[in-house]
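Commentary on secondary and tertiary structure
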Amino acid sequence: MAKQKLLIVEDDVGLQSQLEWAFEAYDVIVAGDRKAALMAIRNHKPPVVTLDLGLPPDPDGATEGLETLREIVAISPETKVIVASGHEARESAQTAIALGAHDFYAKPINIADLGLIVARAFHIHALEAENQKGPAAATSANGIITGSAAMMDVLRTIDKVADADATVMLLGASGTGKELLAKAIHAKSSRAKGNFVAINCAAIPDTLLEAELFGHERGAFTGAVKMTVGKIEMAQGGTLFLDEIGDVPAQTQVKLLRFLQERVIERIGGRKAIPIDARVVTATHQNLERMMREGEFREDLYFRLAELVVKVPTLAERDGDALLLARHFLQHYRDAKRTKAKGFTPDAIAAITAWPWTGNVRELENRVKRATIMADGPMITARDLDLGDPELPAKRAELRIARERADRLAIAEAIAANDGNLSAVARDLDISRPMLYDLMNSYGIPKG
Ligand SMILES: Nc1ncnc2c1ncn2[C@@H]1O[C@H](COP(=O)(O)OP(=O)(O)OP(=O)(O)O)[C@@H](O)[C@H]1O
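Everything in this summary refers to the structure shown in the same document. Keep in mind the model is a prediction, meaning the values are calculated, not measured.

Residues Leu7, Leu51, Ile82, Val83, Ala96 and Phe104 are the most contacted members of the largest nonpolar core, which totals 43 residues. Sort the elements by how many residues they give to this core and helix H16 (residues 392-417) lands first, with six residues. Grouped together as the second largest cluster of nonpolar side chains are 38 residues, Ala182, Ile245, Phe259 and Leu288 included.

Okay, here's the thing in structure tokens:
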């Protein structure tokens, strides 16, 4: 197997060769300044970088190192950058973490410790790369994306009911894809050559709904200047999809019932009975059983419409689908050349997986769309998706662990250098003796 690439950004020639030798298990690339480092990032795309913050022209400060870090993160957000700083420069190490560094360690370098940090960074990079790939396959029937068992069940049911001429009622929360499923039923049925006609019964004022559905003759009412064909008639030979059926007013419910019983309609103001051959599919997010108990929805109409009932799961009930769909929508916007963003950062992936998605697929689609507009770099962040930062506690814990490790290292090295003389150790570390004792106690370092 080819060796993995490790970029070492270090201006000290002595340290460069020491590190090159220590990391011979990797394919080491060495850069002595910002320009060389950025070139190496572009040319080699190393998964892991160690970056000395003290680079020329500011070898004793951290400005050039932090600037280099900022650019590396912008060019290659998936690269894990481990920064090195003098132990008195804790602040710049914290700034580096805030800028997106993966970890830090205090100089002088302890090769064994750094080796562990580097190995762990390669491991995390590999896990994240695996995660970015997502599940190998997703079922996609009629543009319906899913990898979840719950939704696969629904798709199997749809396959079965498509060719039956029975009415189908889709029950599910808003944005779960009910209209998409209705279209799939139509496409898989023997009526696919006919029209798929959809009407959202909640979006049309009660007074106009009847005319929309049944059409009207010229002069049927004020403003009826010409004969208009209704949606039901338009669906002749095809499928009529009545969305939000729970919002149909009582008087229109009666007329719909008659159409379903007799399969004929009359346009408003007309006397001619027009036979209709259309498959009826309905959907609602309302609780029709409660509405029937309270007399708001006719029971006889319900039984005509609900010959086959399909329950559509919420997005939260579809394991893994949120991420799958997020990637699908991003790809869609990429294909349409509406974004250059090519993926999601680990914090975005964690946020997408953890989010409750009460607005279901529609909410997800809208957030990804927004994020493609907001994203500054090649990767979409949780902030771009406006999903808060569920990784914050994890990042804080990581920072605490890194700090503790740096403290332990500095103390252990100072103890060795001063033959265990704790006064000298405290002086070396520029802290008071009580503070040194406190630190040693809390880290469980024995005092001689
Ligand atoms: N499984 C899916 N795969 C791909 N796109 C989906 C999926 N489910 C929903 N969508 C998309 O999400 C959006 C909302 O879906 P749709 O309009 O079908 O939901 P709905 O349940 O009918 O919503 P409402 O009840 O509010 O009318 C649409 O743009 C649709 O294309």
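There is more to say, and it comes next.
So, about the site of the ligand. Within the structure, the ligand sits among 18 residues, and Ser174, Gly177, Lys178, Glu179 and Val361 are positioned closest to it. Going through the elements one at a time, strand E7 (144-146), helix H7 (178-188) and helix H15 (360-374) are the ones with two or more residues in the shell around the ligand. Along the lines of polarity and charge, the residues of the shell around the ligand split into five nonpolar, eight polar and five charged. Here the shell around the ligand spans two domains, and each of domain 2 (140-315) and domain 3 (320-380) adds at least three residues to it.

Attention now moves to the sheet that holds strand E15 (residues 279-284). Through backbone hydrogen bonds, the strands of a sheet pair up, either in parallel or in antiparallel fashion. Taken together, five strands build an open sheet; the order of strands is E9-E12-E15-E8-E16 and the sheet is parallel. In this open sheet, the two edge strands, each paired with only one partner strand, are strand E9 (196-200) and strand E16 (308-311). Going from strand to strand, the sheet's axes swing by 20° on average, the running direction of each strand aside. The strands touched by H7 are strand E8 (168-171), E9, strand E12 (239-243) and E15; relative to E12, the strand with the most contacts, the crossing angle is about 165°.

Right, let's get into the packing of helix H6 (residues 149-162) against H7. Contact pair H6 / H7: the axes reach a minimum separation of 8 Å and the direction vectors enclose 40°. Considering the angle they form, H6 stands oblique to H7. As H6 runs across H7, the sense of the crossing is right-handed. Residues Ile158, Asp159, Val161 and Ala162 of H6 pack against Leu181, Ala184, Ile185 and Lys188 of H7. Of the residues that constitute the contact of H6 with H7, the class distribution is six nonpolar, no polar and two charged.

Geometrically, the link from Pro56 to Pro57 is a cis peptide bond, its omega value of 10° lying close to zero. Following the sequence through the fold, Pro57 ends up in the loop between strand E3 (48-52) and helix H3 (63-75). Note the cis peptide between Lys107 and Pro108, where omega equals 0°. Mapping Pro108 onto the fold places it in the loop between strand E5 (103-107) and helix H5 (111-133). Positive phi, normally seen in glycine, also occurs at Asp430, with a value near 60°. By secondary structure assignment, the location of Asp430 is in the loop between helix H17 (422-429) and helix H18 (433-443). Looking at Asp430, the number of C-beta atoms within 10 Å reads 9, which means it is exposed.

Scoring rules and cut-offs
Position numbers for residues start from 1 in each chain and track the written sequence from start to end. pLDDT decides what is reported in this predicted model: residues at 70 or higher carry local features, side-chain atom pairs at 80 or more are listed and counted, and totals for whole chains, interfaces and linings draw on all residues regardless. Among buried residues, those of type Ala, Val, Leu, Ile, Met, Phe, Trp, Tyr and Cys that are joined through C-beta atoms within 7 Å form a set called a nonpolar core. Counting other C-beta atoms within 10 Å of its own, a residue is labelled buried from 20 upward, exposed at 12 or fewer, and partly exposed in the gap between, with every C-beta atom placed from the backbone. In this description a helix means any DSSP run of H or I spanning at least four residues, a strand means any run of E spanning at least two, and both kinds are numbered starting from the N terminus. Using a C-beta atom placed from the backbone, a residue is scored as near a molecule or strand whenever that atom is within 6 Å of it. Each residue is assigned to one of three groups, with Ala, Val, Leu, Ile, Met, Phe, Trp, Tyr, Cys and Pro labelled nonpolar, Asp, Glu, Lys and Arg labelled charged, and all others, Gly among them, labelled polar. Start and end positions for the domains come from either an automated domain assignment or a database one. A pair of strands counts as paired when DSSP detects no fewer than two bridges linking them. In this analysis, axes come from line fits to C-alpha atoms, helices being fitted only over the stretch in contact, and the angle between any two N-to-C directions falls in the range 0 to 180 degrees. Contact between residues is assigned whenever the C-beta positions, reconstructed from backbone atoms, fall within 7 Å. If an angle is under 35 degrees, it is roughly parallel; if it is over 145, roughly antiparallel; if it lies from 65 to 115, roughly perpendicular; otherwise it is oblique. Handedness of a crossing is defined here by the sense of rotation of the near helix relative to the far one, left-handed for an anticlockwise turn of less than a right angle and right-handed for a clockwise turn.

Read these as spatial facts, not as claims about activity.
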